[in-house]
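Examination of the molecular architecture
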Amino acid sequence: MPQLEASSPAIDFHSDVYKDAYSRINAIVIEGEQEANDNYIQLAEMLTESKEELIRLAKMENRHKKGFEACGKNLNVMPDMEFAQKFFAKLHQNFQDAAKEGKVVTCLLIQSLIIECFAIAAYNIYIPVADPFARKITEGVVKDEYSHLNFGEKWLKAHFEKSKAELEQANKQNLPLVWKMLNEVAKDARTLAMEKEALVEDFMIAYGEALSNIGFSTGEIMRMSAYGLTG
Ligand code: Y39
Ligand code: FE
Ligand code: FE
Ligand code: FE
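Residues numbered from 1 in each chain as written. Chains lettered and ligands numbered in written order. Predicted model: local features only at pLDDT ≥ 70, side-chain atom pairs only at ≥ 80, totals over all residues. Heavy atoms only, no water.

**Points about the coordination of the iron ion (ligand 4)**
Protein ligation of the iron ion (ligand 4) involves E61 (OE), E116 (OE), E116 (OE), E145 (OE) and H148 (ND1), the donor distances falling in the range 2.0 to 2.4 Å. Between the six donor atoms coordinating the iron ion (ligand 4), the angles at the centre fall across 55 to 167 degrees, so the site counts as irregular. Counting residues between consecutive donors of the iron ion (ligand 4) along the chain gives the motif E-x54-E-x28-E-x2-H. Here the iron ion (ligand 4) and the iron ion (ligand 3) are spaced 3.4 Å apart, and both take E61 as a donor. Here E145 pairs with H148, and both are found in helix α5 (residues 132-158), just three residues apart, close to one helical turn. The exposure class assigned to E145 is buried, which follows from its relative accessible area of 1%. (Donors = N, O, S within 2.8 Å, 3.2 Å for Na, K, Ca; no water. Tetrahedral: all angles 85-135°; square planar, octahedral: opposite > 155°, others 65-115°. Helix = DSSP H or I, 4+ residues; strand = E, 2+ residues; numbered from the N terminus. Buried < 20%, exposed > 50% of the residue type's maximum accessible area, 1.4 Å probe, protein only.)

**Looking at the packing of aromatic side chains**
What the rule picks out here adds up to eight aromatic pairs. When the centroid spacing of 5.1 Å and the interplanar angle of 40 degrees are considered together, the rings of F68 and Y123 count as tilted. One end of the pair, F68, is in helix α2 (residues 51-74); the other, Y123, is in helix α4 (residues 104-126), and 55 residues separate them in sequence. Geometrically, the ring pair formed by F160 and F216 is edge-to-face, given 4.9 Å between the ring centres and 85 degrees between the ring planes. Pair noted here: F160 is in helix α6 (residues 160-191) and F216 is in the loop between α7 (196-214) and α8 (218-225), with a separation of 56 residues, a long-range link. Here F160 matches F216 in class, with each residue buried. Here the aromatic residues F13, Y18 and Y22 are joined through ring pairs into a cluster of three or more. (Phe/Tyr/Trp six-rings, centres within 6.5 Å; stacked < 30°, edge-to-face > 60°.)

**What about the confidence of the model for the protein chain?**
Interpreting fine coordinate detail is not advised for predicted regions of low pLDDT. Averaged over every residue, the pLDDT of the protein chain is 95; residues scoring 70 or more account for 96%. Here the prediction assigns the complex a pTM of 0.95, and the interface score ipTM is 0.93. (pLDDT = per-residue confidence, 0-100.)

**Topic: the coordination of the iron ion (ligand 3)**
Angles between donor atoms at a metal ideally measure 109.5 degrees for a four-coordinate tetrahedral arrangement and either 90 or 180 degrees for a six-coordinate octahedral one. The coordination sphere of the iron ion (ligand 3), as far as protein atoms go, consists of E33 (OE), E33 (OE), E61 (OE), H64 (ND1) and E145 (OE), spread over 2.0 to 2.7 Å. Classification of the site at the iron ion (ligand 3) as irregular follows from its six donor atoms and the range of 52 to 176 degrees in their angles at the metal. Going along the chain, you hit the donors of the iron ion (ligand 3) in the pattern E-x27-E-x2-H-x80-E. Classification of E33 as buried rests on a relative accessible area of 3%.

**Some points on the environment of A58**
Within the secondary structure, A58 sits in helix α2. In the structure, A58 is positioned 172 residues away from T230 in sequence and 33 Å away in space, judged by C-alpha atoms. Apart from the residues lying within four places of it in its own chain, the contact partners of A58 are N37, Y40 and I41. (Contact = heavy atoms within 4.5 Å.)

The following block contains the structure:
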């Protein structure tokens, strides 16, 4: 039966409409966690001084994936993994291209800043409207995502001056993709009671804070975090 919450309207987690949207959003999250696992393993090879820590982060991503797979099963939903792979294809390609060129700064911006902030925004917006099983899982996961973001912030802060130009370039290349991705899932997210405007706002807050922690000025943050944002 749908759970009635004091803070949110009744959501029927078992309706066909909900489950159809969930088959795509759940798949995106599962695919995202899988790719995050792969990305941290690749980063561990590039940043050998942080190898152990990065392998630990990769393992956390793998646990997240299992958790979200359980959320789909709990609702009797089959995740649409083909949709999810297409959803991430461009960002995935950009990470692979950067890794091949040894561009560790670009790889960190894509995974540890952009994707982690996307996850933090999505999970924080999802928690209050999730079914009770998924809520518990997501609450545990989102804490980990802050620690992944923190890894990227710390490294980039320590190497800020020589990373700055590459960060700005990588931001230009990849941030517009995030806005496109958000638009692609806005309708399904709304079916899950997650509003696009709230997702954009939470992403901007997390990403802007990250850029500030790394060492960017307020003006630079304004320009960078809205880059490619339209509609
Ligand atoms: O670091 C991580 O664990 C990130 C892979 C996970 C990204 C999940 C992306 C969520 C987007 C969901 C969009 C819902 C509207
Ligand atoms: Fe029920
Ligand atoms: Fe994760
Ligand atoms: Fe993560």
